[in-house]
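# Structural features, examined
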Amino acid sequence: MDLVLYTIIRGLGIGILVSAPMGPIGVLCIQRTLNKGRWSGFVTGLGASVSDLGYAVLTGLGMSIVIDFIEANEYLIQILGSFVLAGFGAYLYRQNPAKNIKKQNGNKNTFTQDFVTAFFLTLSNPLILFLFIGLFARLNFFVPESTLYHYILGYASIIVGAVSWWFTITFFINKVRTRFNLRSLWLINRCIGGVIIIMSLVGCFMGMSGYFNH
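Presented here is an overview of the structure given in this document. Since the model is a prediction, treat every value here as computed from it, not as a measurement.

Conventions used here
- Residues numbered from 1 in each chain as written.
- Predicted model: local features only at pLDDT ≥ 70, side-chain atom pairs only at ≥ 80, totals over all residues.
- Heavy atoms only, no water.
- Salt bridge = Lys/Arg side-chain N within 4 Å of Asp/Glu carboxyl O.
- Helix = DSSP H or I, 4+ residues; strand = E, 2+ residues; numbered from the N terminus.
- Buried < 20%, exposed > 50% of the residue type's maximum accessible area, 1.4 Å probe, protein only.
- Phe/Tyr/Trp six-rings, centres within 6.5 Å; stacked < 30°, edge-to-face > 60°.
- Lys NZ or Arg CZ within 6 Å of the ring centre and 35° of its normal.
- Contact = heavy atoms within 4.5 Å.

This part covers the pattern of salt bridges. Summed over the entire model, instances satisfying the criterion amount to two salt bridges. Across the pair Arg32 and Asp114 runs a salt bridge whose closest N-O atoms are separated by 3.6 Å. Here Arg32 is found in helix H2 (residues 24-36), whereas its partner Asp114 is found in helix H7 (residues 111-123), with 82 residues between them in sequence. Asp114 sits in the buried class, given a relative accessible area of 1%. Each of Arg32, Lys36 and Asp114 takes part in a single network of salt bridges with overlapping partners.

See below:
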């Protein structure tokens, strides 16, 4: 197979595989799509994709110092990341969809906030670096024949794959959005916020368990 096509296909696959698991960002993306519309959810996914790209670049460059630091502080990072998730979960749990809709109607410049919050939420979970390491190794992403051109093409393919995933998922979520009334959205907010809080508690417990038993 031509090396260019080889790189593109694997880059797209890595971008999708990193984005597809329904973690906190996926849940947040759905919540914003339902509450504020498709483009708010898509921009949330875009913020996560840019953060993921940064970790992909670190993986490709072989940042052994960063990897060693994360390995040495894995459990502490997991605990801190869990606190960040807990904060987001509590925020979502307390949100009022009616107020969100009024804010959206009165202020159109909320995309920057959606992007930035998703970017930093993803950035707060550097353990995703190990997912990239595993995917790069499993898919043999870069081969010895790869040049700078192939590296740039590969990273571009990763973010295209990730963005394509978020574009697709927000499209389908937005299709069913009109079937929900304000009370339904309020209940969804409570459920999603609760799920994220549970995720954070599990992550905190696992991090503390690993830290004290290490």
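Turning our attention to the packing of aromatic side chains. Following the criterion strictly, the structure yields seven aromatic pairs and no others. Their ring planes at 85° and their centres at 5.7 Å tell us that Trp39 and Phe42 sit as a pair that is edge-to-face. Of the two residues, Trp39 and Phe42 both sit in helix H3 (residues 38-61), three residues apart, roughly one turn of that helix. Using a relative accessible area of 45% as the deciding quantity, one classes Trp39 as partly exposed. An angle of 55° between the planes, with centres 6.2 Å apart, marks the rings of Trp39 and Phe167 as tilted. Of the two residues, Trp39 is situated in helix H3 and Phe167 in helix H9 (residues 148-177); the sequence distance between them amounts to 128 residues. The class of Phe167 is partly exposed, set by a relative accessible area of 38%. Among the aromatic residues, those joined into a cluster by ring pairs are Trp39, Phe42 and Phe167. Over the ring of Phe167 we find Arg38, and its NZ or CZ is 4.1 Å from the ring centre.

Spatially, the C-alpha atoms of Phe167 and Arg38 are 8.7 Å apart, while their sequence positions differ by 129 residues. Once residues within four sequence positions are removed from consideration, Phe167 is found in contact with Arg38, Trp39 and Phe42.

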